[in-house]
Amino acid sequence: MAKTNSSQTRNSDILTVAHEKCLKRGEGLNQEEILEILKIEDDRLQELLDLAHQVRIKHCGVDVSLEGIVSLKTGGCPEDCSFCSQSGLFESPVRSVTLNIAELVEAAKQSEKMGASEFCIVAAVKGPTDALLNQVAEAITAIREEVDISISASLGILTREQAHRLAQMGVMRYNHNFETAKSFFPNVVTTHTWQERKNTLEHVLAEGMETCCGGIIGLGETLEQRAEFAAQLAEVQPHEVPMNFLDPRPGTPFADRPLVPQGEALRAVAAFRLAMPSTQIRFAGGTELALGDDGTEQGLLGGANAIIGGNYLTTLGRPMEKDRDVVDRVMDSHLNLSITPVGQKQKSGHGPLYDTLKSL
């Protein structure tokens, strides 16, 4: 009988642990276990992705969520996030632009047309002024008159009063990313703290909105810090985790950082799913660079269950039609998946594997 080295044994054990904890019991892996997943060998990667997909199906269902996103205010941000070309402190080619209400309504219409169930209004600011909040309120009213879509927002650091105003406007979900692990955060941002971001999430939850909190893979963090990041996200229990992969932007301090290799990106997707079995994990910026079309499909069959369609804030993604095609191919090839609007249950027609997983 062939001998099995200790590394193979450990990785086999971690998948067994993940099967028991994540699939059967719906519990997330701890930080040490997440790190083992991030270090799993290439020949075990598909096995890992298959398990992560089973966890996603059992604990999140078969829905695939498509979201549109638009930048209300682009550029000129006073913060020094080292990955971001919207910072007014860097020599980047991004110029300050503010959209009007009609442009926001049109963007929401295009998102709905392509099957998006959620539309996120974003502004490059440290936190919203009264004038910005008034503009967002006006935009939400105008969008609702013409578009049937859930509205979320990402406007920086909030006070409790500002969170209350957004909740009164009908904002369903608020995005405020940790970006990276707490231990690595000072290497990325110095003009505000990781704790300030966490405080904003607490205000959002206190006002009854859902939280969206994720970050960027490939900022220069170690695998240990990546595991720390996933564990810290799991601790705050966000409703949604956007997974970005660094797209090095000209003029930023991180312009020369390398892209995340595909296999490493897929390990991160699976690890985040196993850290948070029932959380919506959404592909966001840099997905097409780190994963490509084939990797995006692998990721949607390896733990992720949502995607931002079309372009992002300052970088070009795939056309939304192409994102929809990727999602449709995944749905057609596996479990008869279908895009379902937020708040609606998946219709019947799951297939035998779903029935088997549901019984576990």
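Residues numbered from 1 in each chain as written. Predicted model: local features only at pLDDT ≥ 70, side-chain atom pairs only at ≥ 80, totals over all residues. Heavy atoms only, no water.

Looking up the chain in an unreviewed UniProt entry gives the name Biotin synthase, with the organism given as Corynebacterium tuscaniense. Heading Catalytic activity (unreviewed entry) of the UniProt record for the chain holds this comment: "(4R,5S)-dethiobiotin + (sulfur carrier)-SH + 2 reduced [2Fe-2S]-[ferredoxin] + 2 S-adenosyl-L-methionine = (sulfur carrier)-H + biotin + 2 5'-deoxyadenosine + 2 L-methionine + 2 oxidized [2Fe-2S]-[ferredoxin]". Check the Function (unreviewed entry) section of the UniProt entry for the chain; it says "Catalyzes the conversion of dethiobiotin (DTB) to biotin by the insertion of a sulfur atom into dethiobiotin via a radical-based mechanism." (UniProt positions renumbered as here; feature names shortened; annotations may be inferred.)

Please give an account of helix α8 (residues 223-236) that cites residues and values.
An α-helix turns once per 3.6 residues; consequently, residues spaced three or four apart project the same way. Helix length check: α8, at 14 residues, gives a terminal C-alpha distance of 20 Å against a target of 20 Å (1.5 Å per residue), a fit within 8%. Looking only at α8, the buried set comprises Gln225, Arg226, Ala227, Glu228, Phe229, Ala230, Ala231, Gln232, Leu233 and Val236. Packing partners of the buried residues in α8 comprise α2 (31-38), α7 (194-206), β7 (215-217), β8 (240-245) and α9 (262-275). Among the residues trailing α8, glutamine 237 stands out with phi positive, at a value near 50°. (Helix = DSSP H or I, 4+ residues; strand = E, 2+ residues; numbered from the N terminus. Expected span 1.5 Å × (residues − 1). Buried < 20%, exposed > 50% of the residue type's maximum accessible area, 1.4 Å probe, protein only. Contact = heavy atoms within 4.5 Å.)

Now, about the pairing of β8: what can you tell me, with residues and values included?
Most of β8 sits inside the fold, with six of its six residues counted as buried. Taking every second residue as pointing to the same face, both faces of β8 are buried, with Glu240, Pro242 and Asn244 on one and Val241, Met243 and Phe245 on the other. Of the pairings in the sheet, the one linking β7 to β8 comprises three bridges and is parallel in character. Bridging across to β8, isoleucine 216 finds its partner in asparagine 244. One ladder, built from four bridges, connects β8 with strand β9 (residues 280-283); its direction is parallel. Its bridge partner being in β9, proline 242 is matched across the sheet by arginine 282. With α9 bridging β8 and the parallel β9, this β-α-β connection has right-handed handedness. (Pairing = 2+ DSSP bridges. Right-handed = clockwise from strand over helix to strand, strands pointing away.)

Please set out the UniProt feature "binding site: [4Fe-4S] cluster" (unreviewed entry) in the chain residue by residue, giving values where relevant.
Within this structure's numbering, the places UniProt gives as "binding site: [4Fe-4S] cluster" (unreviewed entry) are Cys77, Cys81 and Cys84. Classification of cysteine 81 as buried rests on a relative accessible area of 10%. Mapped onto the secondary structure, cysteine 84 falls in the loop between β1 (65-74) and β2 (97-98).

Before we move on, could you go through helix α5 (residues 130-146) and cite the residues and values that matter?
Given a rise of 1.5 Å per residue, 17 residues ought to cover 24 Å, and the 25 Å separating the end C-alpha atoms of α5 matches this to within 8%. Tucked inside the fold, the buried residues of α5 contact β1, α4 (101-113), β3 (118-123), β4 (150-154) and α6 (160-169).

If you had to explain the nonpolar core to someone new, which residues and values would you point to?
Ile34, Met243, Phe245 and Phe272 are the most contacted members of the largest nonpolar core, which has 61 residues in total. With nine residues, the single largest contributor to this core is α9. Those residues within four positions of phenylalanine 272 in sequence are excluded, and the remaining contacts are Ile217, Arg226, Phe229, Ala230, Leu233, Val241, Met243 and Ile281. Within the second largest apolar cluster, 32 residues are counted, among which are Ala108, Leu132, Ile151 and Leu158. (Core = buried A, V, L, I, M, F, W, Y, C linked by side-chain atoms within 4.5 Å.)

An account of the packing of α2 against α8 is needed here, citing residue identities and associated values.
A pair of packed helices is captured by two measures, namely the crossing angle of their axes and the spacing between those axes. At a closest axis distance of 8 Å, the pairing of α2 and α8 adopts a crossing angle of 130°. Taken as axis vectors, α2 and α8 run oblique relative to one another. Handedness of the crossing formed by α2 with α8: right-handed. Packed against α2, whose contacting residues are Gln31, Ile34, Leu35 and Leu38, the element α8 presents Leu223, Glu224, Arg226, Ala227, Glu228, Ala230 and Ala231 at the interface. Of the residues assigned to the contact of α2 with α8, the class counts are seven nonpolar, one polar and three charged. (Axes fitted to C-alpha atoms, helices over the stretch in contact; angles between N-to-C directions. Parallel < 35°, antiparallel > 145°, perpendicular 65-115°, else oblique. Left-handed = near helix turned anticlockwise from the far one by under 90°. Nonpolar A, V, L, I, M, F, W, Y, C, P; charged D, E, K, R; others polar.)

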